[in-house]
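# Architecture and fold: a report
Take a look at the letters that make up each chain.
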Amino acid sequence: MHTGGSRIGVTRCPVHFPPRSDPGNVHKAVWNDPPGRRPWTQEVAVTPVHFPRGRTAKRQCAAFALLVLGCLSSAGGSAAQTVHLKLGAGQHAEARYYPGRGDRPAVMLVHDFLATAEGTLTDTLARRLARDGVALLVPTLSLGVLGRRAPLPCEAVHLHVFEQDIAELRRWVEWLLGKGRTRIVLVGQRFGGWQALALAQRLLSPALQAVIMISPRMPGQARDLAALRTAAAQGRRELVQRPLLSCQRFVGPADSIYSYASWDAARMLDALSAAPIAVRAIVGGRDTSLDAAWRQRLGDAGALVQLVPDAVDFRDPRHLGALLELIVASLMIEG
Amino acid sequence: MRLSLTGLIMLIVALGVALFAALGAYTYYQVQSLNTRNAEQQSVAAQAEIAQSVARVLKQAGAHLQTVAEWDEARQQLGTTEYYDYWRTERLPTLKLPNYVVGVELYSQTGNALAADVDIPFTPALRSRDRRPVLVRENGLDYLLLHQSIVNPAAPDELLGVAVLAADLGQALVPPGGFRYAALDSRVTTLPEQARVPSSDITNKIRFQVQANPQVEEFQPLMEVAFVNIVAALVVMLLATYFGITALVGRPLRQLSDHIDELNDKKSHGGNIGAPLVIRELDKVRRSFNDYQSRLEVVHRGLDRKNRRLWKLAHHDPLTDCLNRRAFEDDWKHILELARKSPAGVSLILVDCNHFKAINDTYGHNVGDEVLKGIAATVRKNLQRGDRLYRIASDEFAVIFVDVARDQASDIAKLCLGSIQQHGFTHLGLREPVRISIGVAHSMSGEPTDLKGLYRRANVAMFRAKRPDVPPLAVYTPDMEQNAAVALSSRAASAVDEAIAHGRNICMHYQPVRRLSDRELSYYEALVRLRVDDRLVDPDEFFLSVDTRHLNAELDNAIFGTLLQDLERGVIPEGRGLSINVSGASVVDPDFEQRLEPFTAYLNRHSLLLEITETTLISQLQLASQKLSRLRARGFQIALDDFGNGYSSLRYLADMPVDVVKFDISLVHALCEDTARGRLLAKLVGLLKEPGYKLVAEGVDSDAVAAVVLGLGFDYGQGFLLGMPQELEEVTA
């Protein structure tokens, strides 16, 4: 247990806000109001890695109270339920559902590209949030595989397309809504964040409160995107291998590859700019795929970028607590 | 049974070899039994190993197939078969299935293969819903086919399809580390082509051989090497033991034994055993033996000296410095052997001193001893170096000549005789010459039978030489045997012995002695005769045997007994006298008077006359005179027999108590001649009559003789004219 101020503890440590006079730890994020919504620009102090002494007792107590509340509230809502969702044509999807408490928005946690709800960070995040009493739905995208339970390798035959994923996520949101959840925050890891953003754009439900993107990396430049588009348009079914997102060798027919490859940086930033709800981006300071320029562009596109300076992708337990703090804080804010 | 040390060592070595051979055979038998048991266990273990391997394959392959069946991408392929080939070739290998898996195929829930073309042993369609593993044989290979249903994870009852895994049985059965006990045949199963066997029967269909146990395989040569090493070590050990024991124990003991053998063979009389021995105990024995040997040598030398002294005492006559009779007898035992190597033959000379006893008795033992010493020295002077002179009896000497011719021996004997005759013994006080008799016998042939009789022949010759009418040296000739038979008659000797020992064979004859004046029977002279098988033995014959063997006293004693019996029977008429001949030896015998004691009972009825033979020199004349005086005092009369035919007759008359003098027949006949000798004897008769001696004339065999002797003054006469000797009954008649 860390009692000093050198690092953020992984447990219920209070959130320490850096003093405003420390410009080095302050990142400005501008939420551009979507059309028809109140534009607002919020400067948020993010959790520092290193904290100087002399922070105010008031802030410390507030953060501590926040975490204590979270800890106490986790006792009753951490039991997971496996829920299935029929998708038609013999397909169905599976998700874990933590009912949580009803006083805060429910969270739908979207895993990374080709991953599952059992992914390390997703699973850990889900368990920790559920333990904090957060109502949580963690679906595993079927990716066209019946009862998929394992990450689908890049080299596997990929028949799924981006829009199917969004549709599947939409079904899950609707499932949540069916559960009486009126406030939903979408949290997506990496590419799951963009899929959550896309879902928000398409769903346009008032229940959706915000989108939190964890490590929303900038995609690489897709090769032969035009050719893929053409092939997809022609309905060609032969398998194609292309680098895609984190895959060096993604195998699938052209429409599948194109559906994901078309989500390039520009499209992502456009989607971000057009986001109908607040979007937060939590990034690690050492995440090389999230360099300062990309963070700037994210902020410029309207996301509230929250930086955890020494973190990379938050798999490291030392930075998981900071991530949780930021998510919980967001939920409280949204709630 | 006795063993030599080498034999004992060899026996021990042989026993060691035999023991090892037995142990080796036992070990070999045990190893073979172990191998048999091991082979049986190997077989059982191999069977179990095959069964385990089958179970393992089923389990492992089943697990792998389960992985496939639960694989998301497998379900994906069941949903969309469009990219099944890609999946089968690209995706399926990512599962890293074992090498023995020759393939995995997916079948739809209706049993149709997703692949357009399926390889052996897969079938285009699953006809059976039996999902148990089966063993199939296709194209000469044995495959294990496992089936696994693929279901909807969300609805396990919902069958999506079937995954089938084909495994190369031969490859699959071999465990990663290989079989330990079993070895699969090249043809793994006994199945016929295209046969299908359920999993429960797979084990029974597998062909295998029992693999040789590597430990046993390793053990066998190790055992052989160990056995060879042990044999080599044993051989070395046995050889080392053999040579060690031989060198350290055997050789010293053999040395000791050889030394003892040499001592036993008298090749050596002592000496120590060499250098110190390595074995302490043996060295102690050696030292003890040496000490003992040294002491034994001292004792041996002492004993040797004593033996030589004893031998000399036993074989030497201290008086004459000659070899004695024992030496003679010992040497005689070797004479047969010597005779064979002596081409000239063997000669034996016997030298006998005549009347030595008389000399001894007359002049005393000292003079007799000096006579013997003189004879021995004289004979020795005539012998060459190496000739051996023996004294084989009191007055008898013998010389053995080996490889000496008869004539040469005879010449030596003559030299000896001449030397003795010239020697003269007057310095010893002898008034008579010492007469010797020499008998010579020679054995030319050297034959044992001839040699055995050599002594007898020499004796015959010597007795021949003793006769008064022949030269005192006689060389044996066969014609001497007749006379010798008398002296050496075994019949006479036996008769004498029987008479002496048991009083048998004695047959007394009595010759009357009459008064010359009126021819009246005065008394009888008892004359002894010996009867054997109703035949009388010639008196000359048995008397010669008695004299030769010096049995006079013993025979007299036997005669006394017979005479007493005759007196008791009263065969002698009362009032008639009895004359009893007594030898000089009897007179000096200590029991002489006692033996005559029983006759005193008859003195009142008979006058008893003891005739002392004058020809016999009476030794210890004084003692004899005393005894005769005492007998005379008790009533016996003493007569001097054969007067004029012996030694010192007058001396006897002077020194002994004599009542009657009997003139020898030769003197009586001389009296009848008108010669100087006759006249001298007539004077002598007159001289004897003067002191009062009764005179008896022997040889009165005619009236003329009777008249002469009567005229000269003789009182009694005895002869054929007056009466022949007769047996007792005839006398009384």
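Residues numbered from 1 in each chain as written. Chains lettered and ligands numbered in written order. Predicted model: local features only at pLDDT ≥ 70, side-chain atom pairs only at ≥ 80, totals over all residues. Heavy atoms only, no water.

This part covers the overall build of chain B. For chain B, the count of helices and strands is 25 helices and 24 strands. The buried share among the 733 residues of chain B stands at 46%. Sequence-distant contacts, at least 24 apart, represent 67% of the contacts inside chain B between residues at least 6 apart. A total accessible area of about 37,700 Å² is found for chain B, and carbon and sulfur atoms account for 53% of it. (Helix = DSSP H or I, 4+ residues; strand = E, 2+ residues; numbered from the N terminus. Buried < 20%, exposed > 50% of the residue type's maximum accessible area, 1.4 Å probe, protein only. Contact = heavy atoms within 4.5 Å. Areas by Shrake-Rupley, 256 points an atom, 1.4 Å probe, with all protein chains shown as cover.)

Moving on: the overall build of chain A. Each helix and strand counted, chain A has nine helices and twelve strands in total. Within chain A, contacts between residues at least 6 apart in sequence are counted, and of these 76% link residues at least 24 apart. In the structure as shown, chain A presents an accessible area of about 13,900 Å², 54% of it carried by carbon and sulfur atoms.

All right, on to the state of the cysteines then. All names here are of chain A. Within this structure, the stated rule accounts for one disulfide over all chains. With a sulfur-sulfur separation of 2.0 Å, C154 is cross-linked through a disulfide to C247. Classification of the bridge connecting C154 and C247 rests on its S-S torsion, roughly -75 degrees, and on that basis the disulfide is left-handed. Taken together, the positions of C154 in the loop between strand 6 (136-140) and helix 3 (162-178) and C247 in strand 10 (residues 247-252) put the pair 93 residues apart, joining distant regions of the chain. (Disulfide = S-S within 2.5 Å.)

The predicted model of chain B averages 84 in pLDDT, with 93% of residues at 70 or higher. When mean pLDDT is compared element by element in chain B, strand 23 (residues 716-718) of chain B scores highest at 94, while helix 25 (residues 728-732) of chain B scores lowest at 57. (pLDDT = per-residue confidence, 0-100.)

For the rest of this paragraph, the subject is the pairing of strand 20 (residues 637-643) of chain B. Consecutive side chains along a regular strand alternate between the two faces of the sheet. Residue and element names in this part refer to chain B. In terms of burial, strand 20 is a largely internal element, six of the seven residues being buried. Pairing between strand 19 (residues 608-613) and strand 20: five bridges, direction parallel. Paired with L609 across the bridge in strand 20 is Q637. (Pairing = 2+ DSSP bridges.)

Let us look at the packing of helix 9 (residues 356-363) of chain B against helix 10 (residues 365-381) of chain B. Residues and elements named next belong to chain B. Relative orientation of the contacting elements helix 9 and helix 10 amounts to 140 degrees, with a least axis distance of 6 Å. Compared by their axis directions, helix 9 and helix 10 come out oblique. Touching F356, I359, N360 and Y363 of helix 9 are H365, V367, G368, V371 and L372, all from helix 10. Class assignment of the residues belonging to the contact of helix 9 with helix 10 gives a composition of six nonpolar, three polar and no charged. (Axes fitted to C-alpha atoms, helices over the stretch in contact; angles between N-to-C directions. Parallel < 35°, antiparallel > 145°, perpendicular 65-115°, else oblique. Nonpolar A, V, L, I, M, F, W, Y, C, P; charged D, E, K, R; others polar.)

Next up on the list: a nonpolar patch on the surface. Residues and elements named next belong to chain B. Nonpolar side chains collect at one region of the surface, where L8, L11, I12 and L15 lie side by side and expose about 350 Å² of accessible area between them. By the element assignment, L15 lies in helix 1 (residues 5-69). Judged by relative accessible area, L15 falls into the exposed class, the value being 53%. (Patch = residues over 30% accessible without salt bridge, like charges linked within 9 Å, V, L, I, M, F, W, Y side chains within 5 Å. Salt bridge = Lys/Arg side-chain N within 4 Å of Asp/Glu carboxyl O.)

Moving on, we get to the sheet that holds strand 4 (residues 91-98) of chain A. Residues and elements named next belong to chain A. Strand order in the open sheet made by the eight strands is 3-4-6-5-7-8-11-12, with mixed pairing throughout. In the strand order of this sheet, the two ends are held by strand 3 (81-88) and strand 12 (304-308), each with one partner. Along the sheet, successive strands turn relative to each other by an average axial angle of 20 degrees, direction set aside. In this sheet, strand 11 (residues 278-284) lies alongside strand 8 (residues 208-214) in parallel orientation, the contact comprising five bridges.

A word on the sheet that holds strand 3 (residues 141-152) of chain B. Through backbone hydrogen bonds, the strands of a sheet pair up, either in parallel or in antiparallel fashion. All names here are of chain B. Taken together, the five strands give an open sheet; going across it, the order is 1-4-3-2-6, and neighbouring strands pair in antiparallel fashion. Bordering the open sheet on either side are strand 1 (101-108) and strand 6 (196-198), each of which pairs with just one other strand. Along the sheet, successive strands turn relative to each other by an average axial angle of 25 degrees, direction set aside. By the bridge criterion, seven bridges tie strand 1 to strand 4 (residues 155-168) in an arrangement that is antiparallel. Directly across from V104, in strand 4, lies its bridge partner L165. Of the strands in this sheet, strand 1, strand 3 and strand 4 are in contact with helix 2 (residues 72-79), which crosses strand 1 at around 50 degrees.

Attention now moves to the nonpolar core. Counting residues in hydrophobic clusters, the biggest one holds 71 residues, and the most contacted among them are L578, F599 and F663 of chain B. Sort the elements by how many residues they give to this core and helix 17 (residues 552-569) of chain B lands first, with seven residues. The contacts of L578 of chain B, once residues within four sequence positions are left out, are Y510, Y523, Y524, A526, L563, L567, I572, S607, L608 and L609 of chain B. Within the second largest apolar cluster, 66 residues are counted, among which are L141, M268, V283 and L307 of chain A. (Core = buried A, V, L, I, M, F, W, Y, C linked by side-chain atoms within 4.5 Å.)

Right, let's get into helix 17 of chain B. Taking 1.5 Å of rise per residue, the 18 residues of helix 17 of chain B would be expected to cover 26 Å, and the 26 Å separating its terminal C-alpha atoms lies within 8% of that figure. Looking one or two places after helix 17 of chain B, you find G570 of chain B, whose phi comes out positive at around 75 degrees. (Expected span 1.5 Å × (residues − 1).)

All names here are of chain A. In terms of residue burial, strand 7 (residues 184-189) counts as a mostly covered element, since six of its six residues are buried. Residues I184, L186 and G188 of strand 7 are buried on one face, and the alternating residues V185, V187 and Q189, pointing to the opposite face, are buried as well. Pairing geometry for strand 5 (residues 106-110) and strand 7, over five bridges, is parallel. The partner of M108 across the bridge, within strand 7, is L186. Since strand 7 and strand 8 lie parallel, the crossover through helix 4 (residues 191-203) that links them has a hand, and here it is right-handed. (Right-handed = clockwise from strand over helix to strand, strands pointing away.)

What follows covers unusual backbone geometry. One non-glycine residue, L114 of chain A, lies in the positive phi region at around 70 degrees. With respect to the element layout, L114 of chain A can be found in the loop between strand 5 and helix 2 (120-131). Of note, N505 of chain B is a non-glycine position whose phi angle comes to about 75 degrees, a positive value. Structurally, N505 of chain B is set in the loop between helix 15 (490-502) and strand 15 (506-515).

Let us now look at the interface of chain B and chain A. Counting from both sides, the interface comprises 15 residues of chain B and, opposite them, 20 residues of chain A. Roughly 1,500 Å² of surface becomes buried between chain B and chain A when both sides are summed, with 56% attributable to carbon and sulfur atoms. Interface area lost by chain B to chain A is led by Q76, Y83 and Y86 of chain B, which between them contribute 40%. Summed over the shared surface of chain B and chain A, the result is one salt bridge. Ionic pairing is found between E82 of chain B and R237 of chain A, a salt bridge with its closest N-O pair at 3.7 Å. (Buried area = accessible area lost by both parts, 1.4 Å probe.)

All right, on to the pattern of salt bridges then. Scanning the model with the defined rule gives 48 salt bridges over all chains in all. Among the salt bridges present, the one from D310 of chain A reaches R286 of chain A, with a minimum N-O distance of 3.6 Å. One end of the pair, D310 of chain A, is in the loop between strand 12 and helix 9 (317-334); the other, R286 of chain A, is in the loop between strand 11 and helix 8 (292-300), and 24 residues separate them in sequence. Note on D310 of chain A: relative accessible area 25%, which makes it partly exposed. Under the relative-accessibility criterion, R286 of chain A is labelled exposed at 53%. In this structure, R515 of chain B and D518 of chain B form a salt bridge, with 2.6 Å as the shortest nitrogen-oxygen distance. The exposure class of D518 of chain B is partly exposed, given its relative accessible area of 40%.

On to the packing of aromatic side chains, then. Counted according to the given criterion, the structure contains 22 aromatic pairs over all chains. Taking the centre distance of 5.2 Å and the plane angle of 75 degrees together, the rings of Y242 of chain B and F243 of chain B count as edge-to-face. Through pairs of rings, three or more aromatic residues link up here, namely F113, F162, F191, F250, Y260 and W263 of chain A. Sitting above the plane of the Y476 of chain B ring, R457 of chain B keeps its charged end 5.8 Å from the centroid. (Phe/Tyr/Trp six-rings, centres within 6.5 Å; stacked < 30°, edge-to-face > 60°. Lys NZ or Arg CZ within 6 Å of the ring centre and 35° of its normal.)

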